[in-house]
Amino acid sequence: MGDPPVRVEILQTIAGVEYRAPYPRRLEVEWHGVPVSTIGWADLISSKRAAGRPHDLVDAENLETSTIEDF
């Protein structure tokens, strides 16, 4: 939904992550006043590494040295 660079993607599956395992580690956030659940930080990094694309590997490195407050 939306246009780059402000776009939201809803994915049903992602590499390196099974649905049930990360659900308890999800982040509860608010987006434009609406509560939403998002993938947890460690699971996001794992999925970036599992995807293996060059830009995902760079993202994973950047995420490992950051905190959610940096974004």
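Scroll up for the structure.
Residues numbered from 1 in each chain as written. Predicted model: local features only at pLDDT ≥ 70, side-chain atom pairs only at ≥ 80, totals over all residues. Heavy atoms only, no water.

Novice: What is the right way to read the overall build of the protein chain from this model?
Specialist: The number of helices and strands found in the protein chain is two helices and four strands. Sequence-ordered secondary structure for the protein chain, helices as α and strands as β, is β-β-β-β-α-α. Counting over 71 residues, the protein chain shows a buried share of 15%. Across the protein chain, the fraction of contacts at a sequence separation of at least 24, relative to all contacts at a separation of at least 6, is 25%. (Helix = DSSP H or I, 4+ residues; strand = E, 2+ residues; numbered from the N terminus. Buried < 20%, exposed > 50% of the residue type's maximum accessible area, 1.4 Å probe, protein only. Contact = heavy atoms within 4.5 Å.)

Novice: For this particular structure, what's the right way to read the pairing of strand β3 (residues 27-31)?
Specialist: In regular strands, side chains alternate between the two faces of the sheet. With five bridges connecting them, β3 and strand β4 (residues 34-38) associate as antiparallel partners. The residue bridging Val 29 from the neighbouring strand is Val 36, located in β4. (Pairing = 2+ DSSP bridges.)

Novice: Just to check I follow, could you spell out unusual backbone geometry for this structure?
Specialist: A negative phi holds for most residues other than glycine; trans holds for most peptide bonds. Of note, the bond from Pro 4 into Pro 5 is cis; its omega dihedral lies within 30 degrees of zero at 5 degrees. With respect to the element layout, Pro 5 can be found in the loop between β1 (2-3) and β2 (6-7). Despite not being glycine, His 32 has its phi angle at roughly 55 degrees, a positive value.

Novice: Would you mind going over the packing of helix α1 (residues 41-51) against helix α2 (residues 54-64) with me for this structure?
Specialist: In a packed pair of helices, the relevant descriptors are the angle between the two axes and the axis-to-axis distance. Remark: α1 packs on α2, axes separated minimally by 7 Å, with the N-to-C direction vectors making an angle of 155 degrees. By the angle between their directions, the pair α1 and α2 is classed as roughly antiparallel. As α1 packs across α2, the resulting crossing turns out to be left-handed. Facing Trp 41, Leu 44, Ile 45, Lys 48, Arg 49 and Ala 51 of α1, the residues of α2 in contact are Asp 56, Leu 57, Asp 59, Ala 60, Glu 61, Leu 63 and Glu 64. Among the residues making up the contact of α1 with α2, the classes are represented as seven nonpolar, no polar and six charged. (Axes fitted to C-alpha atoms, helices over the stretch in contact; angles between N-to-C directions. Parallel < 35°, antiparallel > 145°, perpendicular 65-115°, else oblique. Left-handed = near helix turned anticlockwise from the far one by under 90°. Nonpolar A, V, L, I, M, F, W, Y, C, P; charged D, E, K, R; others polar.)

Novice: In this structure, what is going on with the pattern of salt bridges? I would like to understand it.
Specialist: A pair can form between side chains of opposite charge whenever their charged atoms are brought close. Inspection of the entire model under this criterion finds seven salt bridges. Ionic pairing is found between Glu 64 and Arg 49, a salt bridge with its closest N-O pair at 2.7 Å. Placement of Glu 64 in helix α2 and of Arg 49 in helix α1 is noted, with a sequence separation of 15 residues between them. Of the charged contacts, one joins Asp 56 and Arg 53 as a salt bridge, the two residues approaching to 2.4 Å between their closest N and O atoms. On the basis of relative accessible area, Asp 56 is assigned to the buried category, the value being 2%. Salt bridges sharing partners connect three or more residues here, namely Lys 48, Arg 53, Asp 56 and Asp 59. (Salt bridge = Lys/Arg side-chain N within 4 Å of Asp/Glu carboxyl O.)

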